[in-house]
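Take a look at the letters that make up each chain.
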Amino acid sequence: MDINKLLREMTLEEKIGQLNQYTVDYFLDTEALIVTGPNHKKDGKTIKYAGSLLNCFNTKQMIEIQRNYMKDHNIPLLFMLDVVHGYKTIYPIPLAMGATFNPELLKRCCKMAAKEASTCGVHVTFSPMVDMVRDARWGRVMETTGEDPYLNEIMAKSQVEGYQQDFKNKYSIAGCVKHFACYGACESGKDYNMADMSEHTLFEYYMSGYKGAIDADVAMVMSSFNTLNGIPVSANKWLLTDVLKEKLNFKGIVISDFDAINDMIKHQHLPNSKECAYKAFDAGIDIDMMSIAYFDHLKDLIKENKVSIEKIDEAVYKILELKDKLGLFENPYLNASISNEKKVCLCKSHLNLATKAAEESFVLLKNEDNVLPLNENSKISLIGPFADKVHIGSWFCLGEEKDGVSIYQGLKENFVNLDMPSDENVINSAKEADVVLMSLGEKYIETGEGNSKANIKISDDQIQLIKNVYEVNKNLVLLLYTGRPIVLSDVEKYFKSIVVMWQPGTMGGKAISNLLSGKTNFSGKLTMSFPRHIAQVPIYYNYLNTGRPKQMMGQGFVSGYLDVENSPLYPFGYGLSYSNFKIHSLKISKNSIKEDQYVTVSVKVKNQSNVDGYNTIQLYINDLFSDIVRPVLELKGFKKVFIKANEEKTIRFKVDKNTLGYYRNGNFVTEKGDFNIYVSDSSLVTDFVRLTYK
Ligand code: GLC
C-alpha cells in the first residue's frame, strides 16, 4: 500500500477518524455501554470514520462489523483487545509467568495466544503490561512480572517477540506495551493514584520493562492514567515525547488508556474536553481511546492553528503503516475464521502448553517432613472454597471455567483415595486423611483493575477453617490461589507445605496434580516479595542499605520496626523443589577489569537428591560505593538449569561493565570501584567474590 498516496487522498474527517477508538458496542445495534467514558450519544456520525475499536470478543461479530464498515471505506478497522495471559486457552497470570524465570516459555505462551486471538479477528493486544511493582495492595500486580527491573525487561521483550514474531507469521498480532509510565508506583497501592519520583528512580527502576518492549519493536505504547510528579501522563509532553520518542527512540503509535484524556478534568488539570484534546495530542498521544475528545475537538483545534495538520498526518501515517504491516489492506479479515476458531482454540497442544506453564509458575515455599510429593494411595482430603474452582485469572479474555481443570478434577487423575467433603463433613474427612490439602486464598475478582486491597492476609473465615482442621490433622498443605503476595504470617505455622498457585488459568488443576504426585517437579521462584506484615509494604529485595542498617547494627537507632523484622516472610527469587541443590565453589576468573574486559563468575551446583529438577541460578551485584547509592542487591543474570539426580553442573556468568552499570539520573554509566558479586538460587545470598572495575 502506498501510504503517502493514501494519506494525500484522505479528507480531514477521515484523518481525524483514524485517531479515535471506540468500544465494539458503538458498532452494534445495542445501547452504547458507557463504562467510564462520556455519555456521548452513539450515532453513525461518531463512528463514521473510526480507525479502530476495542473489546470485540466474537469472531462472527468482527467479520460482520468489518464487512459493514468496508462497504463505505477503503481503510479497514483495527480490532484491539486485552489478551493479557491467553485468549481462550488461559495460561497463568504474568506475575506467575515471571515466577517461571523462563522467558522462552513465556514467549511460547504469547505466540499461542496470538494464534488463537488472530484466528478470532484480533489484530492488536493491549499487552505486555510491564509496570514495575513494589506494593502488593495494588490489584494490578497480577498483570506484571514483578519487582525486578532486570527480569521485567527480559520478560517484556519475550512477550512482544511472542505476539509479533516480527510480523512474519500469519498469526502475528501487534503488541501494545503498557502503562507508560510508572502506573505501578501508585501511592498506597490505590489504583489510578499519583506517582511521584525522581528522574533517577524513574530510569533506574521503572523504565526497564517499557525499554525491553520498545527494543523488541513493540508496535504500540499505551499511556497511563496516573499523574507523574503532578502532571497527568496524558498531558505529560516530557514523558510522552522527550523520554518515549526521543530518549527511548519509540517510533510507533501511542494510545491513551480508556477515557484517560478526559480524566484530566477530574484530575483538576484542565477545565474542559477541548483543552484535554489539545494537551494530549500535543504531548504525543496519537489515538484517543473512548474519551471522544479527539472526535469532538481536533477539527476546531486545527482550524484555530493550535494543532498542525503535519502532526495529524504523522499520527495517521503510523496507524496506516501498522494496518499495512498487518496485511489489512490486502485482507481486512486476516485470519478471522469461525471454522478455524474451533480447531485452534483449546487444542491439545495449547492445553499442554498451559499445563507446562502452570507447573513452572507454581512456587513451593515450604515442604517440611517431605509431606510432598504424595503417594498415589495416600488418603487425601481436599477442602476449601477453591477445591473445585477453575481459577482463570483477572484478565481472562475469552477463557471459560467450564473449559478448565479444577484441583479436584486434576487430582482424580493421579490419586485413588481422594475425598472432597461437603462443609458439614470437613472435620471428619480431615480426621481420616493422611494429608489435608486446603485450597485457600483470593477470588480472582480481588485483584485486577480497580481492585486494590488494604488488607492482604488470609481472610478470617479461612483462618478459622485452618484452625478447626489443624485440631484433627497436622499434615496440612496450603494450595494458595492469589493474584498478589499474601501475608501468610498468621497461618504459615499450621502448614507443613505451602504452594503458591497464583491464578493458574485453564490447566491449573492438572498442573498441581502432576506436581503433588511427583510426576513433575517444582521450579518456580517468587518475583515479588511476600511481606511478614502489611505495614512493610512497599517491600522489595533491591532496597538501599541506609546509614543505620538494622541487619548490621541490631536494635536501637536503626532503620526498621520495633515489632516486625525488616525481611519479607518469603523473598524475591525464592522457591523450593523436590530436589536438594547445593551451590558451592564460587569463583571469579580475575579480580579486576577495565572498560572493554570481562570476567567469568562460576559456581558448581550439585543435585544432592534422587529427583531430577530445575533450579534458577541467580547472579546479583552490590556496588559498594557509588555517586547515587545503589541497592544492597541487584539481579544481573539468571540461568534456569536442569540437573539430574546426584549430578553436578558448573554454571558460568559473564560479567562486564554493562553488568555493573546503572542509570545515573537517566544515563547509563559504570562507575569505577569495588563490587561484590553473589550467585545463589534466591536473593538470600551468602558467598560473594570481589571485583574491581578500574
Ligand atoms: C483499562 C486498562 C487497560 C486496558 C484498557 C482497555 O482501563 O487500564 O490496561 O488495556 O482499559 O481495556
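For the structure, see preceding data.
Keep in mind it's a predicted model, so treat the numbers as computed, not measured.

**Describing helix α8 (residues 199-206)**
The element α8 is largely enclosed, with a buried count of six among its eight residues. Here the buried face of α8 lies against α7 (149-164), α9 (208-215), α10 (237-247), β21 (634-643) and β23 (662-664).

**Some points on the packing of aromatic side chains**
Given two aromatic rings, one states the distance between the centres and the angle between the planes to describe the pair. In the structure shown here, the tally under the stated rule is 21 aromatic pairs. Measuring from centroid to centroid gives 4.9 Å for W138 and Y183, while their planes differ by 75 degrees, and the two rings are edge-to-face. Of the two residues, W138 is situated in the loop between β4 (124-125) and α7 and Y183 in the loop between β5 (174-180) and α8; the sequence distance between them amounts to 45 residues. Each member of the pair W138 and Y183 is classed as buried. When the centroid spacing of 6.2 Å and the interplanar angle of 90 degrees are considered together, the rings of Y150 and F638 count as edge-to-face.

**Things to note about the sheet that holds strand β12 (residues 379-383)**
With mixed pairing, the six strands of this open sheet are ordered in space as β11-β16-β15-β14-β12-β13. Looking along the sheet, the strands with just one partner apiece sit at the ends: β11 (363-367) and β13 (417-419). Averaged over all pairs of adjacent strands, the angle between their axes in this sheet comes to 20 degrees, without regard to strand direction. In this structure, β11 lies alongside strand β16 (residues 497-502), joined through four bridges in antiparallel fashion. Within the sheet, the bridge partner assigned to V363 lies in β16 and is V500. Packed onto the sheet, helix α20 (residues 508-516) meets β14 (435-441), β15 (476-481) and β16 and runs at close to 155 degrees relative to β16.

**Overview of the sheet that holds strand β20 (residues 613-623)**
Sheet architecture is open: five strands sit in the order β18-β26-β25-β20-β21, paired in mixed fashion. A single partner strand is all that each edge strand has here, and the edge strands are β18 (592-593) and β21. Inspection of the sheet shows β18 paired to strand β26 (residues 688-693) by two bridges, in the parallel sense. The residue of β26 that forms the bridge with S592 is T692.

**Observations concerning the state of the cysteines**
Disulfides are covalent bonds that connect the sulfur atoms of two cysteines. Scanning all chains against the criterion turns up zero disulfides. With no disulfide partner, C110 has as its closest neighbouring cysteine sulfur the one in C109, 6.9 Å distant. Looking at C110, the relative accessible area reads 0%, which means it is buried. C345 provides the cysteine sulfur closest to C120, a residue in no disulfide bond, and the two sulfurs are 3.9 Å apart.

**Looking at the pattern of salt bridges**
On inspection of all chains with the given rule, the structure shows 42 salt bridges. R630 is the partner of E634 in a salt bridge, and the nearest nitrogen-oxygen pair spans 3.0 Å. Of the charged contacts in the structure, one is a salt bridge between E671 and R664, with a shortest N-O distance of 3.0 Å. With a relative accessible area of 9%, E671 lands in the buried category.

**Side note on the site of the ligand**
In the region of the ligand, the neighbouring residues are L54, D82, F126, R140, K178, H179, M222, F225, D257, F258, M289 and E449. For the ligand, an oxygen atom lies 2.5 Å from a polar atom in the side chain of D82. Contact between the ligand and D257: an oxygen atom at 2.6 Å from a side-chain N or O atom of the residue. Protein chains bury 94% of the 310 Å² of accessible surface belonging to the ligand in isolation. Of the residues belonging to the shell around the ligand, the class tally is six nonpolar, one polar and five charged.

The rules behind the values
Residues numbered from 1 in each chain as written. Predicted model: local features only at pLDDT ≥ 70, side-chain atom pairs only at ≥ 80, totals over all residues. Heavy atoms only, no water. Buried < 20%, exposed > 50% of the residue type's maximum accessible area, 1.4 Å probe, protein only. Helix = DSSP H or I, 4+ residues; strand = E, 2+ residues; numbered from the N terminus. Contact = heavy atoms within 4.5 Å. Phe/Tyr/Trp six-rings, centres within 6.5 Å; stacked < 30°, edge-to-face > 60°. Pairing = 2+ DSSP bridges. Axes fitted to C-alpha atoms, helices over the stretch in contact; angles between N-to-C directions. Disulfide = S-S within 2.5 Å. Salt bridge = Lys/Arg side-chain N within 4 Å of Asp/Glu carboxyl O. Near = heavy atom within 4 Å. Polar contact = N/O pair within 3.5 Å; in protein donor to acceptor, adjacent residues only side chain to side chain. Areas by Shrake-Rupley, 256 points an atom, 1.4 Å probe, with all protein chains shown as cover. Nonpolar A, V, L, I, M, F, W, Y, C, P; charged D, E, K, R; others polar.

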